[in-house]
Amino acid sequence: MTRKESPSSFAQARAALEDIEPMERWGEVAGALGLLIEVAGLPRQAVVGDAVRIGTAHRPVLGEIVGFRRASALVMPFGSTEGIGPGARVETAGRTVVRPSEGWLGRVVDALGRPIDGHGPLPQGPIRQPTRGDGPNAYARRRVGRKLATGIKALDVFAPLCRGQRLGIFAGSGVGKSTLMAMLARWADADVIVIGLVGERGREVQEFVQHELGPEGMARSVIVVATSNEPPLMRREAAYTTLAVAEWFRDRGRHVLLLMDSVTRFAMAQREIGLAAGEPPTTKGYVPSCFSEMARLLERAGPGETARDQGDITAIFTVLVDGGDHDEPVADAVRGILDGHVVLERAIAERGRYPAVNVLKSISRTLPHCHDAEENRLLTEARRVLARYEEMGDLVRIGAYKRGGDPATDRAIALGPQLDAFIGQPRDGREAPQAAFAELARILGHEAPRRQDG
């Protein structure tokens, strides 16, 4: 192993010392209501975010301090509150950490970093990686890097992705988000894939791993799962753990592709936690901490720091748009933080074109620098043709427009169906960006671009 991969003896010794609790610090359960447990007697060193162990007749229940009410700590458990009664012993356990290693590749873990795939114990690394943290220093981190080939024409041409970029996929349920994510995991140029399934349906986890991702994608992936039936603290922690695992690989100079489905369910979990802790609800019931925690989470992805020889985290976050409303609070906040957005529309999926990307509503903030001059020319022309085709579509269908009235409209009517078919792509039909631009040039009646970036 290289020096970067092998921790020093000092780091190993320090990690071992950090595991030693110098003194017992505990309190006891004073009350429980709904999702919250009130704990009295914890020492003054206890702070919001500390993990605790709650004693029960069967086995300890892990929890986290989410607030304080006068002298009592408000604790929310990672599991069920069943079996917890007054007087139960509550011990502090410091900050929640995970210990990723190379042996995590190909594995599925829960929000606390415990294996759930039935493949035996999970190899633990010597470094304690906090699940919570902040992004790299804004001044020290690199700029977004070179263009990243995804093999998906709708992205490579109309909403290109660059190394270290953060992109959002905005869609309702059942329009192909999971399939698009799996295509990215199989085809994108990255060293490691870290996938967070936050609040997913339980039956979809195996379907995603076996059917969508497959052995090729799974071999270089770590999957963090918290299903929809788990407590809100577990769903929120799954998002934190996903970023922590990605940061561990990034700190070792790796290029990480992070896929999280979905930010909306993370925000919903934070809403449940905040409301239970007494935060005032704001727009659509979301509490203020939803938006601050969301921004903190999303900023952890992106380019690493050059001085520390870090890699990059290229991130794709999905956002569930409530009832197709792309201006609802979570979607609006996420769109303002990320470096671009891709919109999937149910109407496009219903007519059988996948991926159901509306390229006119999708944008990458790395444009125009991500493409060269010829590619940008083709992209601009294609957008204009598609916009005219969409604008005049209803008039054409009802016979209100007669061909020959406007040359630009006539061209859009002729090329629109071809461009729509060009955007469509089967789930196993990977296509290089160079071939995609050559096909687009042929449809528009131009020569293929002479140069392509990866």
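The name recorded for the protein chain in an unreviewed UniProt entry is Flagellum-specific ATP synthase, from Benzoatithermus flavus. Looking at the protein chain in UniProt, the text filed under Function (unreviewed entry) is "Probable catalytic subunit of a protein translocase for flagellum-specific export, or a proton translocase involved in local circuits at the flagellum." Quoted verbatim from the Catalytic activity (unreviewed entry) field of the UniProt record, the comment on the protein chain reads "ATP + H2O + cellular proteinSide 1 = ADP + phosphate + cellular proteinSide 2."

Another aspect to go through is the packing of aromatic side chains. Applying the stated criterion to the full structure yields three aromatic pairs. Taking 4.9 Å as the distance between ring centres and 90 degrees as the angle between the ring planes, the aromatic pair formed by Trp 248 and Phe 249 counts as edge-to-face. Its relative accessible area of 0% is what places Phe 249 among the buried residues. In this structure, Arg 89 is placed above the aromatic ring of Trp 26, and the distance from its NZ or CZ to the ring centre is 4.3 Å. Above the face of the Tyr 286 ring, Arg 271 is positioned so that its terminal group lies 4.3 Å from the ring centre.

Here we take up the sheet that holds strand S6 (residues 89-92). Spatial strand order, S1-S2-S5-S4-S3-S6: six strands in a closed barrel with antiparallel pairing. In this sheet, neighbouring strand axes are inclined to one another by 45 degrees on average, regardless of whether the strands run parallel or antiparallel. As judged from the six bridges shared by strand S4 (residues 61-69) and strand S5 (residues 72-77), these two strands associate in the antiparallel manner. Paired with Gly 67 across the two strands is Leu 74, which belongs to S5.

Let us look at the pattern of salt bridges. Applying the stated criterion to the full structure yields 30 salt bridges. When the shortest N-O distance is used, the salt bridge between Arg 69 and Glu 38 registers 4.0 Å. Here Glu 38 lies in strand S2 (residues 36-40) and Arg 69 lies in strand S4, a separation of 31 residues in the sequence. Looking at Arg 69, the relative accessible area reads 38%, which means it is partly exposed. Here Asp 339 makes a salt bridge to Arg 166, at a shortest N to O gap of 3.4 Å. Taken together, the positions of Asp 339 in the loop between helix H8 (329-337) and strand S18 (340-343) and Arg 166 in strand S12 (residues 166-171) put the pair 173 residues apart, joining distant regions of the chain. The same class applies to Asp 339 and to Arg 166, which are both buried. When salt bridges that share partners are traced, they join Arg 141, Arg 166, Glu 299 and Asp 339 into one network.

This brings us to the UniProt feature "domain: AAA+ ATPase" (unreviewed entry) in the protein chain. Under the feature "domain: AAA+ ATPase" (unreviewed entry), the UniProt entry names residues 163-349. Between the end C-alpha atoms of residues 163-349 there is a gap of 29 Å, over a span that is 47% helix and 24% strand.

You can see Trp 26 is positioned in strand S1 (residues 26-33). Under the relative-accessibility criterion, Trp 26 is labelled partly exposed at 41%. Sequence spacing of Trp 26 and Pro 123 is 97 residues, and the spatial spacing of their C-alpha atoms is 30 Å.

This prediction gives the protein chain a mean pLDDT of 89; 93% of its residues lie at or above 70. Averaged over each element, pLDDT in the protein chain is lowest for helix H1 (residues 9-18) (65) and highest for helix H5 (residues 232-250) (97).

At their nearest, the axes of helix H6 (residues 263-277) and helix H7 (residues 288-299) sit 9 Å apart, and the two run at 140 degrees to each other. Viewed along their axes, H6 and H7 adopt a mutual orientation that is oblique. Of the two possible hands of crossing, H6 and H7 adopt the one that is right-handed. Note on element contacts: H7 touches H6 through Ser 289, Cys 290, Glu 293, Met 294, Leu 297 and Leu 298, opposite Val 263, Phe 266, Ala 267, Gln 270 and Arg 271.

Rules used in this analysis
Residues numbered from 1 in each chain as written. Predicted model: local features only at pLDDT ≥ 70, side-chain atom pairs only at ≥ 80, totals over all residues. Heavy atoms only, no water. UniProt positions renumbered as here; feature names shortened; annotations may be inferred. Phe/Tyr/Trp six-rings, centres within 6.5 Å; stacked < 30°, edge-to-face > 60°. Buried < 20%, exposed > 50% of the residue type's maximum accessible area, 1.4 Å probe, protein only. Lys NZ or Arg CZ within 6 Å of the ring centre and 35° of its normal. Pairing = 2+ DSSP bridges. Helix = DSSP H or I, 4+ residues; strand = E, 2+ residues; numbered from the N terminus. Axes fitted to C-alpha atoms, helices over the stretch in contact; angles between N-to-C directions. Salt bridge = Lys/Arg side-chain N within 4 Å of Asp/Glu carboxyl O. pLDDT = per-residue confidence, 0-100. Parallel < 35°, antiparallel > 145°, perpendicular 65-115°, else oblique. Left-handed = near helix turned anticlockwise from the far one by under 90°. Contact = heavy atoms within 4.5 Å.

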